There are 2 protein chains.
Amino acid sequence: MYRSHNCGELRESHINEVVTLSGWVQKTRDKGFVVWIDLRDRYGITQLIFDEERTSHELLERARSLGREFVIQVKGKVIERTSKNSKIPTGNIEVLVAELNVLNSSKTPPFTIEDQTDGGEELRMKYRYLDIRRNPVKNNLIFRSKVTMEVRNYLSQQGFIEVETPYLIKSTPEGARDFVVPSRMNEGQFYALPQSPQTFKQLLMIGGMDKYFQIVKCFRDEDLRADRQPEFTQIDCEMAFVEQENILNAFEGLTRHLLKEIKGIETATFPRMTYDEAMAKYGNDKPDIRFGMEFGELNHVAQNKGFNVFNAAELVVGIAVPGAATYTRKEIDALVDWVRRPQIGAKGMVYVKCNEDGTFKSSVDKFYDQEDLANWAKATGAKAGDLICVLSGDANQTRGQLSALRMEMAERLGLRKSDEFAPLWIVDFPLLELDEETGRYHAMHHPFTSPKPGQLELLETDPGAVRANAYDLVLNGNEIGGGSIRIHDKETQSTMFKHLGFTPEEAKAQFGFLMDAFQYGAPPHGGIAFGLDRLVAILGGQETIRDFIAFPKNNSGRDVMIDAPAPIDEEQLKELNLKLDIPS
Amino acid sequence: MYRSHNCGELRESHINEVVTLSGWVQKTRDKGFVVWIDLRDRYGITQLIFDEERTSHELLERARSLGREFVIQVKGKVIERTSKNSKIPTGNIEVLVAELNVLNSSKTPPFTIEDQTDGGEELRMKYRYLDIRRNPVKNNLIFRSKVTMEVRNYLSQQGFIEVETPYLIKSTPEGARDFVVPSRMNEGQFYALPQSPQTFKQLLMIGGMDKYFQIVKCFRDEDLRADRQPEFTQIDCEMAFVEQENILNAFEGLTRHLLKEIKGIETATFPRMTYDEAMAKYGNDKPDIRFGMEFGELNHVAQNKGFNVFNAAELVVGIAVPGAATYTRKEIDALVDWVRRPQIGAKGMVYVKCNEDGTFKSSVDKFYDQEDLANWAKATGAKAGDLICVLSGDANQTRGQLSALRMEMAERLGLRKSDEFAPLWIVDFPLLELDEETGRYHAMHHPFTSPKPGQLELLETDPGAVRANAYDLVLNGNEIGGGSIRIHDKETQSTMFKHLGFTPEEAKAQFGFLMDAFQYGAPPHGGIAFGLDRLVAILGGQETIRDFIAFPKNNSGRDVMIDAPAPIDEEQLKELNLKLDIPS
């Protein structure tokens, strides 16, 4: 038996008990006549004591020789500490060691195993197994496990069945790139790893399974942006015999349950907002509504006043940044530089200081009088002390730029509080979105999303105007889930594929099984999928998903710890009927 | 709202309520003046009634026109049935339909959606979504979901953390073949899909995670035997600071919990048996101990009596088949033919009938007298009325043959009762096994398994004799789990790799990260993995895993429903820097 207790559980009530502990040497303090060792495991830290009076010389010397991260087992008596430590739960006791057994030695770790470590990202990833010993990472993984248990318990209690769908499926060129898997047994053929279990969950609905969920890995071979992973985890859900309202209620229930059980927060009914409203008010389909700064459209009060920049703009729009009227010239210049950075791309920024005395001071006083600026203040909801920031230009681009500025200002003002949670449904998404490069329409959600009733005909005349039974759940400015009511008849699905540029042959080759299935009594159905990595990070009060993944990959899709991907044997390639074909 | 109730929940207490139901048309009975429809969903069947008196003519006609598997929504009043059906929970009521809404039509399904279907395996797989509508398959999937919830709840309550390990990892030539995944971003390099999360769970132990589990898909590119799948699910577990005893206790607890919660069966402490004992008693390292028929070794009582076949044999061994002394000559001949089938491979079979009067009648009466045969009966535990079946030859082969015969006889005699559960630990497995073809030793469990203390030196002199800290959990003749205490120091691991034929360079290239990790304070650790597919099938009282998998693949690794694997675009191959290289 390696231990009778763990390193987090001994209390005063254990005093005089003889215990056995195992763990890692966190720290040694050697005062000559006494040696203290902090022994650490997953559950906490317990102080060990060796001293000249009560410990044999040999044992004391052996204690002295232990290095950081040595794995040891000790047996000894729990005693009361003379100088107590109220910061840790075991701080009232220590263990007077009688036996010491070194289970394993350790080289000096490449970074300190402390909450604040000296290890950089790359080093931490290479030695991820050491990084996981650190509380922040360890606690994130435990937190993730707790969240998934809550998800499963809640959905199971609601009658959802977790069904595992296959990982070795078929490649479909729609959407992102698939990872493919050559089949040795089927010459020249490939499986693909699922980007999501979408078609399978629809087949489960057709199979009568009715309420399905799965916490499942998904794969996308994308050029990685920051904080994206080639493999990621989804909470994938689908229901049959439902309308949008049923789905929103069911998964609002799940989210409310998580906020309550995990964060101890009771939430009211989630607000809902149409996509169009979100774009107009926040320039963004995943607005952070923990704070205001709603957009004020200024076209009617800012155009035709002789300021050509605004006159030529499709949209003039501003936000009122609370309390920022005191910004200095230098601070405002920095802000202008910020919006002009290539990542944001604004040409410039007009500002209005709303002074405490009710007057306004703007960068365009030449064109606008106090009454004009008062109208701007009204449109943006600015109060005395606020700074109105105004951008203009192409409507879509300008909204995006102002949305970025809004988020930046919120960040700077500390309005994005990690312990505050503001969920929100965005509904009525467009069915299609135009790819500006190719001039082709893509499915905004995916090709299985149903258009709003009666809008199918609009596909012919005004495809961009068609709205879908599609919805996103947004939490603190992040899309944490998205879904739709699906098409469940062959004709509508065929029409949809046609509009997405599939020939009937392509549609049949790729999704024939689904369209066949639609002909055997497919029920109305719909669903949602949550991005677990992000959900967990946000519930954990953070936004970086990487520290909530045990063994993440870097931005080139590499696992730097195991050094994957890697070349494989010639023999292995040959068995797969493949040859490398690398352009020299 | 598509339904107010499901098709399984209406009772007499609902009489006079107006309800809305949705589901599939299971069956229509048309008596002219009245039409009954069985409406089915996941939860059950509710009878709908349309009649000339109370239903409009138009509605009655529409009801008549509904085909099997049409999806309909009905609204109507719950009424008491005149002729009740006690076989179904809703059998006391029916719904008098006032409104009928056809949600989707259906072509005639290719097989009947009944518990006993007319569909063959291949057809059922092609239309798996229809197969899932059948109770046996649907219930199996629901059962599986229930088992996994129980596993998760139990392990979580015991302090285990579920950690997701990566799917895109590195190929290692040891063991079965890996499925590989070409990396587009890392030219000429490949990920591999995990055969198990073995190394990652060990790294989690080194990371201090202490008690880990994961229900996880694993992948093996094997030539498929019957009832094997290229992707399968494991309950993967690992613990640190444990000895074998701790692991056996922890997972005996899990198994006992499952038997109790899922099957309502209380089990005593699981028996334990060494590998050597299992091989001697049952010729098998996963014996079914729901019944006896233990092996009796007969060398000492059957050799040197003039029967050359036995004299020349390494092993003479028999079992007593209960109550089979009455077998006719023809039945016994058939049994001899059975053991001589190539799948079994015995050269012949000697039998002894233990007559009710205490005499014996054997096929070798020429060589053995009644006293000899009485000794055989004693050695095999045969009683009056039993039939002793004796095989002989090479020890290992003969044991395998007699084990197959034992299982076959148990099957024929109905001794393998699907509602009886006999768990058993097999311990002290050999560390290595000799590959007869190559003359090389392989790791019997895997290369990370630790030898028994003090046996490391034996590797040099008698590798086959080394026993490991390895164990299997056997249930009803199936290995449902297996694991070991791992090596946790670099030196032992290097020695092991050397004995398995790795050069130091190969070992470093493939497992360098693990051996590095061992140098930073690796704790003693060990674990176990359960095959979920099989565990669920056995708990479900069946032995075929395929019907416990939603979308299984066939014996060529194909998903015949979606038709995968399949060729991919030339363009896709090019992006991956690959070319097909199929021998013409």
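See the structure shown above.
Below is a summary of the structure that appears in this document. (Residues numbered from 1 in each chain as written. Chains lettered and ligands numbered in written order. Predicted model: local features only at pLDDT ≥ 70, side-chain atom pairs only at ≥ 80, totals over all residues. Heavy atoms only, no water.)

Details of the overall build of chain A
Step number 1: Counting secondary structure elements, chain A contains 17 helices and 23 strands.
Step number 2: Principal axes of the C-alpha set define a box for chain A whose edges measure 90 × 75 × 55 Å.
Step number 3: In chain A, which comprises 584 residues, the proportion classed as buried is 59%.
Step number 4: The long-range share in chain A, meaning contacts at least 24 apart out of those at least 6 apart in sequence, stands at 66%.
Step number 5: A total accessible area of about 23600 Å² is found for chain A, and carbon and sulfur atoms account for 47% of it.
Step number 6: Taking the average place of the 71 positive charges on the side chains of chain A and the average place of its 87 negative ones, the gap between the two points comes to 4 Å. (Helix = DSSP H or I, 4+ residues; strand = E, 2+ residues; numbered from the N terminus. Buried < 20%, exposed > 50% of the residue type's maximum accessible area, 1.4 Å probe, protein only. Contact = heavy atoms within 4.5 Å. Areas by Shrake-Rupley, 256 points an atom, 1.4 Å probe, with all protein chains shown as cover. Lys, Arg positive; Asp, Glu negative; His and termini not counted. Charge placed at Lys NZ, Arg CZ, Asp CG, Glu CD.)

Here's the deal with the relation of the copies chain B and chain A
Each copy of the chain is related to the other by a rotation around an axis and a translation along that axis.
Step number 1: Expressed as a screw transformation, the operator carrying chain B onto chain A has a rotation angle of 180° and an axial translation of 0.0 Å, and the superposed copies differ by an RMSD of 0.1 Å. Such values leave the two copies arranged in the relation of a two-fold axis.
Step number 2: Most of the interface of chain B is mirrored in chain A: 100% of its interface residues are interface residues there too. (Least-squares fit on C-alpha atoms with pLDDT ≥ 70 in both.)

Remarks on the environment of Val336(B)
Step number 1: With respect to the helices, strands and loops of the structure, Val336(B) is situated in helix α10 (residues 329–340).
Step number 2: With 12 residues separating them in the primary sequence, Val336(B) and Gly348(B) have C-alpha atoms 6.2 Å apart.

Points about the sheet that holds strand β10 (residues 231–240) of chain A
All names here are of chain A.
Step number 1: Across the sheet, which stays open at both edges, the 8 strands sit in the order β6-β9-β10-β22-β21-β20-β17-β11 with mixed pairing between neighbours. The open sheet has two edge strands with one neighbour each: β6 (161–162) and β11 (272–274).
Step number 2: Of the strand pairs in this sheet, β10 and strand β22 (residues 525–531) are connected by 7 bridges, and their pairing is antiparallel. From the neighbouring strand, Ala240 faces β22, where its bridge partner is His525. (Pairing = 2+ DSSP bridges.)

As for helix α12 (residues 395–412) of chain A
Residues and elements named next belong to chain A.
Step number 1: In a regular helix each residue adds 1.5 Å, so 18 residues correspond to 26 Å; α12 covers 26 Å between its end C-alpha atoms and thus fits that length.
Step number 2: Turning to α12, its buried residues are Ala395, Thr398, Arg399, Gln401, Leu402, Ser403, Leu405, Arg406, Met407, Met409 and Ala410.
Step number 3: The backbone nitrogen of Asn396 lies 3.3 Å from a side-chain oxygen of the residue at the head of α12, namely Asp394.
Step number 4: Count one or two residues on from α12 and you reach Gly414, which has phi positive near 70°. (Expected span 1.5 Å × (residues − 1). Polar contact = N/O pair within 3.5 Å; in protein donor to acceptor, adjacent residues only side chain to side chain.)

Points about the interface of chain B and chain A
Step number 1: Of the residues lining the interface, 122 residues belong to chain B; the matching set on chain A comes to 122 residues.
Step number 2: The largest per-residue losses of area from chain B upon contact with chain A belong to Glu164(B), Phe241(B) and Tyr520(B), which jointly make up 8% of the total buried on that side.
Step number 3: Between Arg42(A) and Asp210(B) there is a salt bridge; the shortest N-O distance is 3.7 Å.
Step number 4: Counting across the interface, chain B meets chain A through 65 residue pairs in polar contact (both at pLDDT 80 or more).
Step number 5: Ranked by residues supplied to the side of chain B that touches chain A, first place goes to helix α4 (residues 135–157) of chain B with 9 residues. (Buried area = accessible area lost by both parts, 1.4 Å probe. Salt bridge = Lys/Arg side-chain N within 4 Å of Asp/Glu carboxyl O.)

Here we look at the pairing of strand β14 (residues 350–354) of chain A
All names here are of chain A.
Step number 1: Counting buried positions along β14 yields 5 of 5 residues, so the element is predominantly enclosed.
Step number 2: Burial along β14 is two-sided: the face carrying Val350, Val352 and Cys354 and the face carrying Tyr351 and Lys353 are both buried.
Step number 3: Across 4 bridges, β14 lies against strand β16 (residues 387–393) in antiparallel orientation. Looking at β16, one finds that Val350 is bridged to Val390.
Step number 4: Relative to strand β15 (residues 360–362), β14 runs antiparallel, the two sharing 3 bridges. When the sheet's bridge partners are listed, Val352 is paired in β15 with Ser362.

Notes on a negative patch on the surface
Step number 1: A cluster of acidic residues, Glu505(A), Glu506(A), Asp569(B), Glu570(B) and Glu571(B), forms a negative patch at the surface.
Step number 2: Of all the elements in the fold, those that place two or more residues in the negative patch are α15 (504–518) of chain A together with α17 (570–575) of chain B.
Step number 3: Here Glu570(B) shows up in helix α17. (Patch = residues over 30% accessible without salt bridge, like charges linked within 9 Å, V, L, I, M, F, W, Y side chains within 5 Å.)

So, the pattern of salt bridges
Residue and element names in this part refer to chain B.
Step number 1: Applying the stated criterion to the full structure yields 94 salt bridges over all chains.
Step number 2: The closest approach of N and O atoms between Lys281 and Glu277, which form a salt bridge, is 3.3 Å. Of the two residues, Lys281 and Glu277 are both situated in helix α7 (residues 275–282); the distance of 4 residues between them amounts to about one turn of the helix.
Step number 3: With a relative accessible area of 27%, Lys281 lands in the partly exposed category.

Quick look at unusual backbone geometry
Step number 1: With an omega of 0°, the peptide bond running from Ala564(A) to Pro565(A) counts as cis.
Step number 2: Positive phi outside glycine occurs at Asn16(B), with the angle close to 85°.
Step number 3: Along the chain, Asn16(B) turns up in the segment before β1 (18–30).
Step number 4: In this structure, Asp563(B) takes a positive phi of about 60° despite not being glycine.
Step number 5: Mapped onto the elements of the fold, Asp563(B) is located in the loop between α16 (532–539) and α17.

Brief notes about the pairing of strand β10 (residues 231–240) of chain B
All names here are of chain B.
Step number 1: Summarising burial for β10: 10 of the 10 residues are buried, a large majority.
Step number 2: By the alternation rule, side chains of β10 split into Glu231, Thr233, Ile235, Cys237 and Met239 and Phe232, Gln234, Asp236, Glu238 and Ala240, which are all buried.
Step number 3: Of the strand pairs in this sheet, strand β9 (residues 211–219) and β10 are connected by 9 bridges, and their pairing is antiparallel. Pairing of Gln214 across the sheet is with Asp236, part of β10.

Concerning the sheet that holds strand β3 (residues 44–51) of chain B
All names here are of chain B.
Step number 1: Spatial ordering of the closed barrel is given by β1-β2-β3-β5-β4, a layout of 5 strands whose pairing is mixed. Pairwise comparison of adjacent strand axes, ignoring direction, gives a mean angle of 55° for this sheet.
Step number 2: Strand direction decides the pairing type here: β1 and strand β4 (residues 71–80), joined by 7 bridges, are antiparallel. Residue Val19 lies in a different strand from β4, and its bridge partner there is Gly76. (Axes fitted to C-alpha atoms, helices over the stretch in contact; angles between N-to-C directions.)

Overview of empty space enclosed by the protein
Step number 1: In total, this model carries 11 cavities of 30 Å³ or more according to the counting rule given.
Step number 2: Empty space within the largest cavity amounts to approximately 320 Å³.
Step number 3: Residue lining of the largest cavity: 24 residues in total, with Arg152(A), Ile215(A), Arg152(B), Glu162(B) and Ile215(B) positioned closest to the centre.
Step number 4: Listing elements by their share of the lining of the largest cavity, those giving two or more residues are α4 (135–157) and β9 (211–219) of chain A together with α4 and β9 of chain B. (1 Å grid on protein atoms, 1.4 Å probe; cavity = no way out; pocket = protein on both sides within 12 Å on 5 of 7 lines; lining within 4 Å. Points joined across faces, edges and corners; volume = space filled by probe spheres on them.)

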